[in-house]
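Each chain, written out:
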Amino acid sequence: MRNEKIRHEFWHRPFDRRAINHALRKGRTKLQDAATHRIQASVGEASNPREGRQTPFTGNVLFYAQHAVAACCRKCIEYWHAIDAQRPLTEEEVQYLAKLVMLYVDERMPDLPADPQKVPPLTDPRGRSSR
């Protein structure tokens, strides 16, 4: 899977600052809960009106992870994990995909603390706050 062009890209692409800050604000423990919720919310159902576009490319380490481990849309899940796209994911399948996401996070961010960290909000060049 890592050798496929798009997957390879997400295993090596540097994280954007917003994604790093989000991970730090959550910490590893809460990020794990967020991964499970994200999988269920974005790809858990059989049909999604945004199928193929429901996972952004930047802004959250979970987005990078979903693309890297082919848990970004039902088409990729079906192709790479042999999980039928025509039915909702079972709890076991959600946990399996969330675990893959967290294995990616563990590898890419080995120093991510378990507990949430206080991180100041980013500001854009005009001085407005943007998380």
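Because the structure is a prediction, the values reported are computed rather than measured.

**Q** What am I meant to see in the side chain of R74 here?
**A** With respect to the helices and strands, R74 occurs in helix 4 (residues 74–81). Of the side chains with opposite charge, E93 comes closest to the buried, unpaired R74, at an N-O distance of 5.8 Å. Within the local environment of R74, its side chain forms a polar contact with the backbone oxygen of R87, the two atoms lying 2.8 Å apart. With near-sequence residues (within four places) excluded, R74 lies in contact with V43, G44, E45, A46, E51, Q54, I83, D84, A85, R87, P88 and L89.

**Q** Looking at this structure, how should I read the packing of helix 2 (residues 17–43) against helix 3 (residues 61–68)?
**A** When two helices pack together, their arrangement is given by the angle between the helix axes and by the axis-to-axis distance. Two elements in contact, helix 2 and helix 3, have axes separated by 8 Å at closest approach and are oriented at 50°. Considering the angle they form, helix 2 stands oblique to helix 3. Taken together, the residues of helix 3 that come into contact with helix 2 (itself represented by A19, A23, L31, A34, A35, R38, I39 and S42) are V61, L62, F63, Y64 and Q66. Looking at the contact of helix 2 with helix 3, its residues break down into ten nonpolar, two polar and one charged.

**Q** Teacher, can you tell me more about the environment of C76 here?
**A** Following the sequence through the fold, C76 ends up in helix 4. If we ignore the near neighbours within four places in the chain, the residues touching C76 are R7, A70 and H81.

**Q** Help me understand the nonpolar core, please; the structure alone is not making it clear to me.
**A** Among soluble globular proteins, nonpolar side chains are generally buried collectively. Ranked by size, the top nonpolar core spans 30 residues in total, and within it F15, I39, V61, Y104 and V105 carry the most contacts. Contributing elements (two or more residues each) for this core: helix 1 (5–12), helix 2, helix 3 and helix 5 (91–108). If sequence neighbours within four positions are ignored, F15 has contacts with I20, V61, Y64, Y104, R108 and M109.

**Q** Explain the pattern of salt bridges here, please?
**A** Pairing is possible between side chains that carry opposite charge, provided their charged atoms lie close to one another. Counted under the stated rule, the structure contains three salt bridges. D106 is the partner of R28 in a salt bridge, and the nearest nitrogen-oxygen pair spans 2.3 Å. Taken as a pair, R28 in helix 2 and D106 in helix 5 lie far apart in primary sequence, 78 residues in all. We classify D106 as partly exposed; its relative accessible area is 33%. The shortest N-O distance in the salt bridge between R87 and E93 comes to 2.5 Å.

**Q** Help me understand the packing of aromatic side chains in this model?
**A** Note on aromatic pairs: each is described by the distance of the centres and the angle between the planes. If you walk through the whole model with that rule in mind, you get six aromatic pairs. Consider the rings of Y79 and W80, whose centres lie 5.3 Å apart with planes at 80°: the pair is edge-to-face. In textbook terms, an aromatic cluster arises when at least three aromatic residues are bridged by ring pairs, as seen for F10, W11, F15, F57, Y64 and Y104. Across from the ring centre of F10, 4.5 Å away, lies the NZ or CZ of R13, which sits over that ring. It is R108 that lies over the ring of F15; its NZ or CZ is 4.3 Å from the centre.

Here is what the cut-offs are and how they apply
- Residues numbered from 1 in each chain as written.
- Predicted model: local features only at pLDDT ≥ 70, side-chain atom pairs only at ≥ 80, totals over all residues.
- Heavy atoms only, no water.
- Helix = DSSP H or I, 4+ residues; strand = E, 2+ residues; numbered from the N terminus.
- Buried < 20%, exposed > 50% of the residue type's maximum accessible area, 1.4 Å probe, protein only.
- Lys, Arg positive; Asp, Glu negative; His and termini not counted.
- Salt bridge = Lys/Arg side-chain N within 4 Å of Asp/Glu carboxyl O.
- Polar contact = N/O pair within 3.5 Å; in protein donor to acceptor, adjacent residues only side chain to side chain.
- Contact = heavy atoms within 4.5 Å.
- Axes fitted to C-alpha atoms, helices over the stretch in contact; angles between N-to-C directions.
- Parallel < 35°, antiparallel > 145°, perpendicular 65-115°, else oblique.
- Nonpolar A, V, L, I, M, F, W, Y, C, P; charged D, E, K, R; others polar.
- Core = buried A, V, L, I, M, F, W, Y, C linked by side-chain atoms within 4.5 Å.
- Phe/Tyr/Trp six-rings, centres within 6.5 Å; stacked < 30°, edge-to-face > 60°.
- Lys NZ or Arg CZ within 6 Å of the ring centre and 35° of its normal.

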